[in-house]
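In case you want the letters, here they are:
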Amino acid sequence: MACILRASHPAKAHLRRIAVPNTRLALPMTLPQLSASRTSNNGYRNLSTTPTLHTEIFHDIPPLRSLRRSLLLSNRTVGLVPTMGALHSGHLSLVRLAASENTDVFVTIYVNPTQFGLTEDLASYPKTWEADMRMLQDLDRELASEGAGRVSAVFAPSTKTMYPTLPPDSSIPGAGSFVEMRPLGQLLEGASRPVFFRGVATVCMKLFNICTPDRVYFGQKDIQQTVIIKRLVKDFHLDTEVRIGATAREPDGLALSSRNVYLGERRRSAGIVLYQALRKAEAQYNAGNRKRGDILWPANDHTDKTHMAQDALEPSQRARFEVDYLSLADPETMEELDEVDETRGAILSGAVKMLPVEEPRAGEELGVGDGQIPVRLIDNIVLNPGS
Ligand code: AMP
């Protein structure tokens, strides 16, 4: 069943979904949008001169497919932005990118259980539906006033909808229908989270089949995921284009992540260690070094020294962490490199686990979960070919 975003708000009770026959856009839309409809300079009907409610929420597949079909028949293009919700400006930057390249953007919000291991944080993954909808609505208003593509659909399915045959299984080997890329999905993040990429590839295959997007949008923040998705599209001959958006960061460089709400101040300031380490390695590459040891040593040195400095502090002051990996890998296989081939470039990436706060201080800002939820931070820098 589809509904207009926030149409249940009393002040919006006059908004109704209506069918518009004999127009290029035989789509549900709101009355104010219809009255203001015009043709924009990027060649498709823009629904509004003054921003109004536009985005529809879908929980089921058939009405979403019917919207998709009508968009196709109207020569409109769909950019898909898959997310797990708890939206931040990194997600919104992907929506913006999608809106700059497509007439219509579909955002999916689904916390996919099969990518969480049995011991991982599925239950505690942040869920902020109301705030997410407000952010998307505000962004859609901006997009409307800019004449860009619009956020036409939010798809938020249930797990029964996404996994119709069996209850989803996160165990190994696991019962169910899965997509796997080996060994790519078992390296780096996959080594630490064995079912992660199986779950990601499987849910993305489902979402791509449901939405049949012209383009799909993923963040560089999760770089191995982008490599997996490109492989998925290539190996299964999916008719879509993979587009990658830059990593959105805090002013000090920390990559935005839905999980950062768990950090609290103390772990937040120590968590910058990963990005700092990657920047030090990048500087080595930019200075002309190509060998693994030469590129990675300052990064390892930085994490070692930061580690020691934290350990030397009192338990009430320190934020302890474990480095999972610092990697210099091939951009297509994610295999570790002894030396960077300038014609291919490389991916510098890393993961650190911020451990629970040991002794909270009175009045300390500890984040969601009172500083007791371990937080895995990942980040990366692409070393471009020939730079
Ligand atoms: P998630 O909701 O964490 O599954 O992320 C949904 C999409 O947003 C993925 O393609 C992520 O790579 C992307 N994303 C997450 N964080 C950022 C960020 N800081 N900058 C850009 N894209 C991001």
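This text follows the structure it describes.
Residues numbered from 1 in each chain as written. Predicted model: local features only at pLDDT ≥ 70, side-chain atom pairs only at ≥ 80, totals over all residues. Heavy atoms only, no water.

Undergrad: Honestly, the overall build of the protein in this entry has me stumped. Any pointers?
TA: The helix and strand tally for the protein stands at eleven helices and twelve strands. Going through the 387 residues of the protein one by one, you find that 52% of them count as buried. For the protein, the share of sequence-separated contacts (at least 6 apart) that also reach a separation of at least 24 residues comes to 73%. (Helix = DSSP H or I, 4+ residues; strand = E, 2+ residues; numbered from the N terminus. Buried < 20%, exposed > 50% of the residue type's maximum accessible area, 1.4 Å probe, protein only. Contact = heavy atoms within 4.5 Å.)

Undergrad: Got a minute to help me understand the site of the ligand in this structure?
TA: What surrounds the ligand is a group of 17 residues, the closest being M84, G219, D222, A248 and L256. Taking M84, its main chain carries an N or O atom lying 2.9 Å from an oxygen atom of the ligand. In this structure, an oxygen atom belonging to the ligand sits 2.9 Å away from a side-chain N or O atom of H91. Among the elements of the structure, β5 (78-83), α3 (89-101) and β8 (215-219) are those that each provide at least two residues to the shell around the ligand. A total of three residues in the shell around the ligand trace back to one element, the largest contributor, which is α3. (Near = heavy atom within 4 Å. Polar contact = N/O pair within 3.5 Å; in protein donor to acceptor, adjacent residues only side chain to side chain.)

Undergrad: Could you clarify how one ought to interpret the sheet that holds strand β12 (residues 375-383) in this entry?
TA: Across the sheet, which stays open at both edges, the three strands sit in the order β10-β11-β12 with antiparallel pairing between neighbours. Lying at the two open borders of the sheet, with one neighbouring strand each, are β10 (321-329) and β12. Strand-to-strand, the axes of this sheet are offset by a mean angle of 10°, without reference to chain direction. Summarising the sheet, strand β11 (residues 346-354) and β12 pair through nine bridges and their orientation is antiparallel. Pairing of A346 across the sheet is with L383, part of β12. Along the sheet face, helix α11 (residues 292-311) touches β10 and β11 and points at about 170° away from the line of β10. (Pairing = 2+ DSSP bridges. Axes fitted to C-alpha atoms, helices over the stretch in contact; angles between N-to-C directions.)

Undergrad: What should I look at first to understand unusual backbone geometry in this one?
TA: Negative phi is the rule for most residues except glycine; trans is the rule for most peptide bonds. Between I172 and P173 the backbone carries a cis peptide bond, its omega angle lying at 0°. Here P173 shows up in the loop between α5 (159-162) and α6 (189-192). The step from R182 to P183 runs through a cis peptide bond, and the omega angle for that step is 0°. Along the chain, the position of P183 falls in the loop between α5 and α6. Its identity as a non-glycine residue notwithstanding, T212 has a phi of 35°, on the positive side.

Undergrad: Which parts of the structure should I look at to understand the pattern of salt bridges?
TA: Oppositely charged side chains can pair when the atoms bearing their charge come close. Counted by the stated rule, this structure contains 27 salt bridges. Ionic pairing is found between R182 and E180, a salt bridge with its closest N-O pair at 3.0 Å. Of the charged contacts in the structure, one is a salt bridge between E282 and R279, with a shortest N-O distance of 3.1 Å. With E282 and R279 both in helix α10 (residues 273-286), this residue pair falls three residues apart, about one helical turn. Of the residues examined, E282 reaches a relative accessible area of 18% and is grouped as buried. Residue class for R279 comes out partly exposed when judged on its relative accessible area of 42%. (Salt bridge = Lys/Arg side-chain N within 4 Å of Asp/Glu carboxyl O.)

Undergrad: Please explain the packing of aromatic side chains as it appears in this structure.
TA: Where two aromatic rings form a pair, the distance of their centres and the angle of their planes describe that pair. Under the criterion given, the structure shown has three aromatic pairs. Centre to centre, the rings of F208 and F218 are 6.3 Å apart; their planes meet at 65°, and the pair counts as edge-to-face. With F208 in helix α7 (residues 196-211) and F218 in strand β8, this pair connects stretches of sequence that are ten residues apart. Taking the relative accessible area as the measure of exposure, F208 reaches 5% and is therefore buried. Stacked on the ring of F178, the Lys or Arg R198 has its end atom at 4.0 Å from the ring centre. Over the face of the ring belonging to Y163 we find K206, whose NZ or CZ atom lies 4.1 Å from the ring centre. (Phe/Tyr/Trp six-rings, centres within 6.5 Å; stacked < 30°, edge-to-face > 60°. Lys NZ or Arg CZ within 6 Å of the ring centre and 35° of its normal.)

Undergrad: Can you help me understand the pairing of strand β7 (residues 150-155) in this one?
TA: Looking along a regular strand, one sees the side chains alternate between the two faces of the sheet. Within β7, six of the six residues are buried, which leaves it mostly tucked inside the rest of the structure. With three bridges connecting them, strand β4 (residues 56-58) and β7 associate as parallel partners. Residue I57 lies in a different strand from β7, and its bridge partner there is V154. Two elements, strand β6 (residues 104-109) and β7, share five bridges in a ladder whose sense is parallel. Along β7, the bridge assignment pairs F106 with A153. Read as a crossover between parallel neighbours, the route from β6 over helix α4 (residues 129-146) to β7 is right-handed. (Right-handed = clockwise from strand over helix to strand, strands pointing away.)

Undergrad: What is the right way to read α10 from this model?
TA: Each α-helix turn comprises 3.6 residues. Residues three or four places apart therefore point the same way. With 14 residues, α10 extends 20 Å from end C-alpha to end C-alpha; this agrees with the ideal 20 Å at 1.5 Å per step. For α10, the set of buried residues is V273, L274, Y275, A277, L278, A281, E282, Q284 and Y285. If you follow the buried residues of α10, they end up packed against α9 (264-270), α11, β10, β11 and β12. Following α10 by one or two positions, G288 has its phi on the positive side, about 105°. (Expected span 1.5 Å × (residues − 1).)

It is worth stressing that arrangement in space is one thing and function is another; only the former is reported here.
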